[in-house]
Amino acid sequence: MVVGDIATGTEVLVVGAGPGGYVAAIRAAQLGLDTTLVERDAYGGTCLNYGCIPSKALVTASDVAYAAREAEEMGIHADPAVDMKGMVSWKDGVVDQLTGGVEKLCKANGVNLVEGTAEFADERKVRVAHDGEGQGSESIEFEHAIISTGSRPVQIPNFEFDGEYVLSSRHALALDTLPESLVVVGAGYIGMELGTVFAKLGTDVTVVEMLDSALPGYEDDVARIVRSRAEDLGIEFHFGEAAKDWERSGDGITVRTEDGEGTVSEFGAEKVLVAVGRSPVTDTLNLEAAGVETDERGFVPTDDRARTNVEHVYAVGDVAGEPMLAHKAMKEGQVAAEVIAGEPSALDYQSVPAAVFTDPEIGTVGMTEAEAEEAGFEPVVGQMPMRASGRALTMNEGDGFVRIVADGPSGFVLGAQIVAPEASELVAELTLAIEMGATLEDVAATIHVHPTLSEAVMEAAENAQGHAIHTLNR
Ligand SMILES: Cc1cc2nc3c(=O)[nH]c(=O)nc-3n(C[C@H](O)[C@H](O)[C@H](O)COP(=O)(O)OP(=O)(O)OC[C@H]3O[C@@H](n4cnc5c(N)ncnc54)[C@H](O)[C@@H]3O)c2cc1C
């Protein structure tokens, strides 16, 4: 023990106060466990500070600017000026309100909050280093630990993040001025969301992607609609090219890419945003001291009770693997706390919905048709195009569709793929349908408000049954 070290004990130690960690800590405290939550940076983690919330705030702001500029068709003439500082400061206000809320909720539930960086000392103890010269450290002994240290952006060779020319998503969400031009490396959901934000604000955006399509992992027709809308917004795509290096040139930079044949292309821009994926934060925890194993990518494998290979140590959220989504982290945090408290709790991964907040949005849950077939079902599919939705047209948004995949013989809903305005909201209904074991008939027989986007969910179910009214049946 170093001089100045103090040792304390706790029943449940949670490392990291992101969506996984703070939910775990609050739930554990609610269940009467003495709980300590250690955070080295800011309450709310990546999601509240540098991820979900700031990106969605900027999505909204860029939508407002874009809608105002493009509303001539509706008889509205406006020429909005974008003050990036003002926009970012509004976003920071939203973030502060939410992170303050998390801190208050933790305190109100009786969670002990400790600021500092935790590292395992052995199987039952962490050392927490406090920031700053002479701030010292403390040791905390625990009965159970929950690792929820999240993830960080992947760096690629020759593109070290500097916040000035080479941006991570975190930098891109906190810019002082609007870049005139931006190269985005990676057409995953983060690259596509942020690319859309900047394109709508007026930046010249070029997206470079190593694979041959945007939003890899989504079905072709889903990704195609978003990509084609992004192209309408002026985004230029280059597929099959990997970012190679960059150099300063004039006021900005030149980014070089290389395709499979070795052909090099150059793109001039003010900045480059690298969004090629995220990796788990497990390398700084001294996990060996606790005996916790990681896989070859650094994730901590867990079972359906969020338990690691060490009986009293749990892992939740991004560190525990894909999908790296906040709502998955929260659910796992809740389950870990309940399991520690002796509740009969477990994880059901059948229906983790996912959303991409592009224009239009994507909302998916459960199986695609191909996955249903592979799993041995006899899938039936129903689809409703948004151009047949009265509400979508009143919003001037006719792109996209709602698709439902169900099991033919039983009618059970198995999955949904939605590309539409508010797809992130629409997917909740079908997530519930899957959780409840609802059939196509249950969804189709439910009266939906007219005119709403949600009617398309009902119509897609009717379409799968062969009796849709507002579309031609398949
Ligand atoms: C730009 C962007 C947009 C996103 N948008 C969405 C979205 O719309 N919807 C969605 O579901 N997900 C989104 N995500 C993903 C989401 O942010 C993560 O899935 C989520 O934050 C994971 O939560 P977590 O608790 O596992 O980890 P994190 O939120 O990463 O939190 C981990 C915390 O642990 C702390 N920590 C790490 N090591 C230590 C240590 N040794 N000691 C003490 N503290 C430590 C960190 O400081 C951090 O606060 C987005 C991510 C990004 C980057």
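Above this note sits the structure.
As the structure is a prediction and not an experimental result, all values here were calculated from the model.

### Here's the deal with the overall build of the chain
The helix and strand tally for the chain stands at 14 helices and 22 strands. Taking 2.2 N^0.38 as the reference for a compact globule, 474 residues should give roughly 23 Å; the C-alpha atoms of the chain span a radius of gyration of 24 Å, in line with that estimate. Along the first, second and third principal axes, the C-alpha set of the chain runs to 75 × 65 × 45 Å. Across the 474 residues that make up the chain, the buried fraction comes to 51%. For the chain, long-range pairs separated by at least 24 residues make up 61% of all intrachain contacts whose partners lie at least 6 apart in sequence. Accessible area for the chain stands at about 21500 Å²; split by element, carbon and sulfur atoms hold 48% of it. Mean positive and mean negative side-chain charge positions of the chain (31 and 80 charges, respectively) differ by 3 Å.

### Quick notes on the site of the ligand
Neighbouring the ligand are 40 residues; E39, T46, K56, D318 and A326 lie closest to it. Within the backbone of L325, one N or O atom sits 3.3 Å away from an oxygen atom of the ligand. Residue H327 places a side-chain N or O atom 3.4 Å away from an oxygen atom belonging to the ligand. Burial of the ligand by the protein amounts to 96% of the accessible area it has alone, namely 1000 Å². Those elements giving two or more residues to the shell around the ligand turn out to be α1 (19–30), β2 (35–39), α2 (45–50), α3 (52–69), β4 (117–122), α6 (189–201) and α9 (326–340). In terms of residues, the shell around the ligand owes the most to one element, α2, which gives four residues. Tallied by class, residues from the shell around the ligand come to 17 nonpolar, 17 polar and six charged.

### A few points about the packing of aromatic side chains
To describe a pair of aromatic rings, you give the distance between the ring centres and the angle between the ring planes. Summed over all chains, the structure comprises three aromatic pairs. Pairing F120 with F142 gives two aromatic rings, centres 6.0 Å apart and planes at 80°, and the pair type is edge-to-face. Taken together, the residues span a long stretch of sequence, with F120 in strand β4 and F142 in strand β6 (residues 137–147) at a distance of 22 residues. In this pair, the class of F120 matches that of F142, namely buried. Between the aromatic rings of Y165 and W246, the centroid separation amounts to 5.9 Å while the plane-to-plane angle is 35°, which identifies the pairing as tilted. With Y165 in the loop between β7 (151–153) and β8 (166–167) and W246 in strand β12 (residues 241–249), this residue pair connects regions lying 81 residues apart in the sequence. Assessed through its relative accessible area of 13%, Y165 is described here as buried. Taking the relative accessible area as the measure of exposure, W246 reaches 21% and is therefore partly exposed. One cation-aromatic arrangement involves R170 over Y50; the distance from NZ or CZ to the ring centre is 3.6 Å.

### A look at helix α7 (residues 220–232)
Between its terminal C-alpha atoms α7 stretches 18 Å, which fits the 18 Å expected from 13 residues at 1.5 Å a residue. Inspection of α7 places V222, A223, V226, R229 and A230 among the buried residues, and these make up the whole buried set. For α7, the angular spread of the buried residues around the axis is 130°, confining them to a single face. Opposite the buried face of α7, by more than 90 degrees, sit the exposed residues D220, R224 and D232. Contact partners of the buried residues in α7: α3, α6, β11 (236–239), β19 (361–366), β21 (401–407) and β22 (413–420).

### Observations concerning the environment of V95
If you trace the backbone, V95 turns up in helix α4 (residues 84–108). In this structure, the C-alpha to C-alpha distance between V95 and L31, residues 64 residues apart in sequence, is 28 Å. Beyond its immediate sequence surroundings of up to four residues, V95 is in contact with L48, N49, I53 and P54.

### Notes on the side chain of D359
Within the fold, D359 resides in the loop between β18 (354–356) and β19. One polar contact links D359 to K200, side chain to side chain, over a distance of 2.7 Å. Of note is the side chain of D359, whose polar atom sits 3.1 Å from the side chain of R229. When near neighbours in sequence (up to four residues on either side) are disregarded, D359 contacts T196, K200, V226, R229 and E397.

### Some points on the sheet that holds β22
Spatially, five strands are ordered β18-β19-β22-β21-β20 in an open sheet, and the strand pairing comes out antiparallel. Two strands bound the open sheet, and with one partner strand each, they are β18 and β20 (379–385). Ignoring which end each strand starts from, the neighbouring axes of this sheet average 10° apart. Helix-sheet contacts for helix α12 (residues 423–436) involve β18, β19, β21 and β22, and the interaxial angle to β22 is about 175°.

### Details of the state of the cysteines
According to the stated counting rule, one finds one disulfide in the structure shown. Paired through a disulfide, C47 and C52 show a sulfur-sulfur distance of 2.3 Å. Linking C47 and C52, the disulfide has an S-S dihedral of approximately -125° and is accordingly described as left-handed. Relative accessible area serves as the criterion here: at 10%, C47 is assigned to the buried category. C106 takes part in no disulfide bond, and the closest cysteine sulfur to it belongs to C47, at a distance of 14 Å. Overall, C106 belongs to the buried group, its relative accessible area being 0%.

### A few points about the side chain of E455
The topology assignment puts E455 in helix α14 (residues 455–465). Put simply, E455 is tucked away with no salt bridge, and the nearest opposite charge, on R391, sits 8.1 Å away. Each residue touching E455, except ones within four places of it in the same chain, is listed here: H448, V449 and H450.

### What to know about the pattern of salt bridges
This structure, assessed with the given rule, holds 18 salt bridges. The salt bridge partner of R256 is E266, with a shortest N-O separation of 3.2 Å. Of this pair, R256 sits in strand β13 (residues 252–259) while E266 is found in strand β14 (residues 264–269), placing the two residues 10 residues apart along the sequence. Using a relative accessible area of 17% as the deciding quantity, one classes R256 as buried. With relative accessibility at 52%, the residue E266 sits in the exposed group.

The rules behind the values
- Residues numbered from 1 in each chain as written.
- Predicted model: local features only at pLDDT ≥ 70, side-chain atom pairs only at ≥ 80, totals over all residues.
- Heavy atoms only, no water.
- Helix = DSSP H or I, 4+ residues; strand = E, 2+ residues; numbered from the N terminus.
- Rg over C-alpha atoms; globule rule 2.2 N^0.38 Å.
- Buried < 20%, exposed > 50% of the residue type's maximum accessible area, 1.4 Å probe, protein only.
- Contact = heavy atoms within 4.5 Å.
- Areas by Shrake-Rupley, 256 points an atom, 1.4 Å probe, with all protein chains shown as cover.
- Lys, Arg positive; Asp, Glu negative; His and termini not counted.
- Charge placed at Lys NZ, Arg CZ, Asp CG, Glu CD.
- Near = heavy atom within 4 Å.
- Polar contact = N/O pair within 3.5 Å; in protein donor to acceptor, adjacent residues only side chain to side chain.
- Nonpolar A, V, L, I, M, F, W, Y, C, P; charged D, E, K, R; others polar.
- Phe/Tyr/Trp six-rings, centres within 6.5 Å; stacked < 30°, edge-to-face > 60°.
- Lys NZ or Arg CZ within 6 Å of the ring centre and 35° of its normal.
- Expected span 1.5 Å × (residues − 1).
- Arc of directions from axis to C-beta.
- Pairing = 2+ DSSP bridges.
- Axes fitted to C-alpha atoms, helices over the stretch in contact; angles between N-to-C directions.
- Disulfide = S-S within 2.5 Å.
- Salt bridge = Lys/Arg side-chain N within 4 Å of Asp/Glu carboxyl O.

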